[in-house]
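Residues per chain are reported as follows:
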Amino acid sequence: SPYLKQMSMVTASKLMHLLEAFSTPWFLVANQTNYHLVFFLLEIFNNIIQYQFDGNAHLVYSIIRKRHVFHQLSNLPEDPAMISKPKKRENSGDQMEVAPTSDGVLH
């Protein structure tokens, strides 16, 4: 369990961004062990809120702000046909993928 006296807003936002990226349905089914990443992040959030609530208001604020991530996580589709990788978007004629790959690296 992490021990944090005071988490910055930047750190809290980055942790929430990781959860958002790791909890997409296509990422969770891309590799058999990807769900561990979500589990560990949720465990971190739980322990920080439970044991070091004072001084970590930025994390609580980020969680409240990104509550849709938790709603989507609780309503994951079960049908494999419903799970699809995000479409690539065009940027100045170049196609760029903005979601993490199965190894967790953003491309």
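In the block above lies the structure referred to throughout.
Reading the values: rules and limits
Residues numbered from 1 in each chain as written. Predicted model: local features only at pLDDT ≥ 70, side-chain atom pairs only at ≥ 80, totals over all residues. Heavy atoms only, no water. Helix = DSSP H or I, 4+ residues; strand = E, 2+ residues; numbered from the N terminus. Buried < 20%, exposed > 50% of the residue type's maximum accessible area, 1.4 Å probe, protein only. Contact = heavy atoms within 4.5 Å. Axes fitted to C-alpha atoms, helices over the stretch in contact; angles between N-to-C directions. Parallel < 35°, antiparallel > 145°, perpendicular 65-115°, else oblique. Left-handed = near helix turned anticlockwise from the far one by under 90°. Nonpolar A, V, L, I, M, F, W, Y, C, P; charged D, E, K, R; others polar.

Draft legend 1. Expanded view of the overall build of the chain. Counting secondary structure elements, the chain contains 5 helices and 2 strands. Put simply, the chain runs from its N terminus to its C terminus through helices and strands in the order α-α-α-α-α-β-β. Looking at the 107 residues of the chain, the share that counts as buried comes to 27%. Counting contacts in the chain only where the partners sit at least 6 residues apart, residues at least 24 apart contribute 62% of the total.

Draft legend 2. Spotlight on the packing of helix α1 (residues 9-22) against helix α4 (residues 57-65). Relative to each other, α1 and α4 sit at 40 degrees, their axes nearing to 8 Å. Judged by the angle between their axes, α1 and α4 are oblique. The hand of the α1/α4 crossing is right-handed. Residues M9, A12, S13 and M16 of α1 lie in contact with α4, whose contacting residues are H58, L59, Y61, S62 and I63. Residue composition of the contact of α1 with α4, grouped by class: 6 nonpolar, 3 polar and no charged.

Draft legend 3. Seen up close, the packing of α1 against helix α3 (residues 35-51). Contact pair α1 / α3: the axes reach a minimum separation of 9 Å and the direction vectors enclose 150 degrees. As α1 packs across α3, the resulting crossing turns out to be left-handed. Where α1 approaches α3, its residues L15, M16, L18, L19 and F22 are matched on the opposing element by L37, V38, L41, L42 and F45. Taken together, the residues that form the contact of α1 with α3 break down as 10 nonpolar, no polar and no charged.

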